[in-house]
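# Examination of the molecular architecture
Residues per chain, in single letters:
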Amino acid sequence: MAKVNPPPILKIPKAFLKDKEVRAFIEQELIIIFQLYDRSGGNNDLLEEMLNERVTSQSKSNRNTAQINSILSKEFELIEADTDLITKPFQIIDCINTSTIEITLDPQAIGEDEVHIARSDRVVKIIGTVNGKTNITLNVKGFSVHLIKQITGDGWLQI
């Protein structure tokens, strides 16, 4: 961060020093100038701070764009399930079962693999560790879960 010098103290001409009213006025001006200097960030260069802030927000924007592109580049396979199955990475599974089925989370999945599971009809049991719990049940019609494989650990996270 660049430092800026404080406002210079100008030498008051002798003629002004003789007049008490003019001298008081000039001293008040100096006080006001220093107060403005202090309240506006003191010795910080506000232009440089604004430029740094813009660069920071631009890099955040670039990072967000990269994340969005990363998500868009993932191709999800949409499947309908009416019987038990084992998931594969990047699937959207619409469970259209007429009786209870089991969806087993891929035991070979690697960190950041994703699976979406939606219950359209009957009860769906998800077999695997989700948020630290062994197996979960989707027992509400129309409910869905979005699961991501943990980078470290054996389980999945529901988000």
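## Focus on the overall build of the chain
- Across its full length, the chain holds 3 helices and 9 strands.
- Helices and strands in the chain line up, N terminus first, as α-α-α-β-β-β-β-β-β-β-β-β.
- Looking at the 159 residues of the chain, the share that counts as buried comes to 21%.
- Entry remark: accessible area of the chain is about 11600 Å², with carbon and sulfur atoms responsible for 55%.

## Here we look at helix α2 (residues 20-39)
- The end-to-end C-alpha distance of α2 is 28 Å, a good match for the 28 Å that 20 residues give at a rise of 1.5 Å each.
- Two or three places before glutamate 21, at the start of α2, stands the capping residue aspartate 19, its side-chain oxygen 3.1 Å from that residue's backbone nitrogen.

## A word on the confidence of the model for the chain
- Here the chain averages 82 in pLDDT, and 80% of its residues register 70 or above.
- At the level of individual helices and strands, the chain shows its lowest average pLDDT in helix α3 (residues 46-73), which scores 68, and its highest in strand β4 (residues 101-104), which scores 96.

## Digging into the pairing of strand β8 (residues 144-149)
- Across the two faces of β8 the burial differs, with Val145, Leu147 and Lys149 buried and Ser144, His146 and Ile148 not buried at all.
- Alignment of strand β5 (residues 114-119) against β8, held across 5 bridges, turns out to be antiparallel. Across the sheet, residue alanine 118 finds its bridge partner in β8, namely serine 144.
- As paired elements, β8 and strand β9 (residues 156-158) share 3 bridges and run antiparallel to each other. Note that in β9 the partner of leucine 147 across the bridge is glutamine 158.

Conventions used here
- Residues numbered from 1 in each chain as written.
- Predicted model: local features only at pLDDT ≥ 70, side-chain atom pairs only at ≥ 80, totals over all residues.
- Heavy atoms only, no water.
- Helix = DSSP H or I, 4+ residues; strand = E, 2+ residues; numbered from the N terminus.
- Buried < 20%, exposed > 50% of the residue type's maximum accessible area, 1.4 Å probe, protein only.
- Areas by Shrake-Rupley, 256 points an atom, 1.4 Å probe, with all protein chains shown as cover.
- Expected span 1.5 Å × (residues − 1).
- Polar contact = N/O pair within 3.5 Å; in protein donor to acceptor, adjacent residues only side chain to side chain.
- pLDDT = per-residue confidence, 0-100.
- Pairing = 2+ DSSP bridges.

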